[in-house]
Amino acid sequence: MKNKRFFPMFVDLSDKKIVVVGGGNIATRRIKTLLQFTRNITAVAPKTTMELHELGKAGFVNLINRPVKRSDFAMAFMVIAATNDWKLNDEIYRVCKEQGIYVNVADDKSKCDFYFPGIYMQDEVVVGITASGLNHKKARRVRVAIQEAMEASDNEE
Ligand SMILES: C[C@@]1(CC(=O)O)C2=NC(=C\c3[nH]c(c(CCC(=O)O)c3CC(=O)O)Cc3[nH]c(c(CC(=O)O)c3CCC(=O)O)/C=C3\N/C(=C\2)[C@@H](CCC(=O)O)[C@]3(C)CC(=O)O)/[C@H]1CCC(=O)O
Ligand SMILES: NC(=O)c1ccc[n+]([C@@H]2O[C@H](COP(=O)([O-])OP(=O)(O)OC[C@H]3O[C@@H](n4cnc5c(N)ncnc54)[C@H](O)[C@@H]3O)[C@@H](O)[C@H]2O)c1
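The protein goes by precorrin-2 dehydrogenase in an unreviewed UniProt entry, where it is assigned to Blautia intestinihominis. The annotation that UniProt attaches to the protein under Catalytic activity (unreviewed entry) is "precorrin-2 + NAD(+) = sirohydrochlorin + NADH + 2 H(+)".

Below, the structure is given as structure tokens:
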């Protein structure tokens, strides 16, 4: 093991403010995942994917179309830095650490208070898989294996 193990905390996000910085493919994918847990998401980016633009227009996400500002993090519980500018991602990391906000920097696993897991959900069951930041392909493989096993056992019933 060349990395720390993170505790799998299952947390109620529905009443907490989440700020996603960036509006590209990664931000869009993570916002779609988070929408299964909360509608309290603010995304800040000068440019967004069409899909995120539509989610903003439909009112699922509070979309702010401009470069991020420090004040965007006020009252945030969790921040995801998913811009294509590593210096900006690093600055977001430092601001969040100063303010005690949980932060995930999508291009640097050493700057994550939490990792994004591979997720599978079925009714009341929520499966979250991490490979401790060492192997996202393995996290995906394990998630798919569990998903297939659960679906196969349903079909047997
Ligand atoms: C599980 C999953 C959840 C999700 O993202 O939804 C996830 N990554 C997934 C996919 C994926 N990731 C990457 C690609 C691009 C193609 C490729 O390279 O293959 C693809 C494939 C794709 O995009 O399709 C590239 C990548 N990922 C990270 C870095 C930076 C670094 O390692 O430092 C870079 C290089 C970025 C760069 O180039 O700068 C970092 C992280 N990615 C994590 C999670 C965290 C814990 C990982 C672990 O458990 O080990 C961690 C550590 C932190 C975090 O981001 O939370 C999801 C699979 C879900 C599923 O299918 O079930
Ligand atoms: N963790 C993972 O699983 C994973 C996977 C692939 C890539 N990445 C990393 O995630 C990051 C984003 O990747 P992508 O493919 O979504 O990039 P992208 O180029 O599609 O999107 C970048 C976004 O950043 C926004 N941005 C730029 N400057 C900004 C500013 N000042 N304020 C707010 N937003 C700003 C842009 O408007 C754009 O929406 C990259 O650093 C990439 O290396 C992470």
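Attention now moves to the pairing of strand 5 (residues 102-105). Sheet topology note: the strand 4 (residues 78-81)/strand 5 ladder contains four bridges and is parallel. Bridging across to strand 5, Met78 finds its partner in Tyr102. Taking the sense of rotation as the criterion, the β-α-β connection linking strand 4, helix 3 (residues 86-99) and strand 5 turns out right-handed.

It is worth spelling out the sheet that holds strand 3 (residues 62-64) at this point. One open sheet accounts for five strands, arranged 3-2-1-4-5; its pairing is parallel. Whereas interior strands pair on both sides, the edge strands pair on one side only; in this sheet they are strand 3 and strand 5. Sheet twist, expressed as the mean angle between neighbouring strand axes with direction ignored, is 15°. In the sheet, strand 1 (residues 18-21) pairs with strand 2 (residues 41-44) via four bridges, with the strands oriented parallel.

Cut-offs applied
- Residues numbered from 1 in each chain as written.
- Chains lettered and ligands numbered in written order.
- Predicted model: local features only at pLDDT ≥ 70, side-chain atom pairs only at ≥ 80, totals over all residues.
- UniProt positions renumbered as here; feature names shortened; annotations may be inferred.
- Pairing = 2+ DSSP bridges.
- Helix = DSSP H or I, 4+ residues; strand = E, 2+ residues; numbered from the N terminus.
- Right-handed = clockwise from strand over helix to strand, strands pointing away.
- Axes fitted to C-alpha atoms, helices over the stretch in contact; angles between N-to-C directions.

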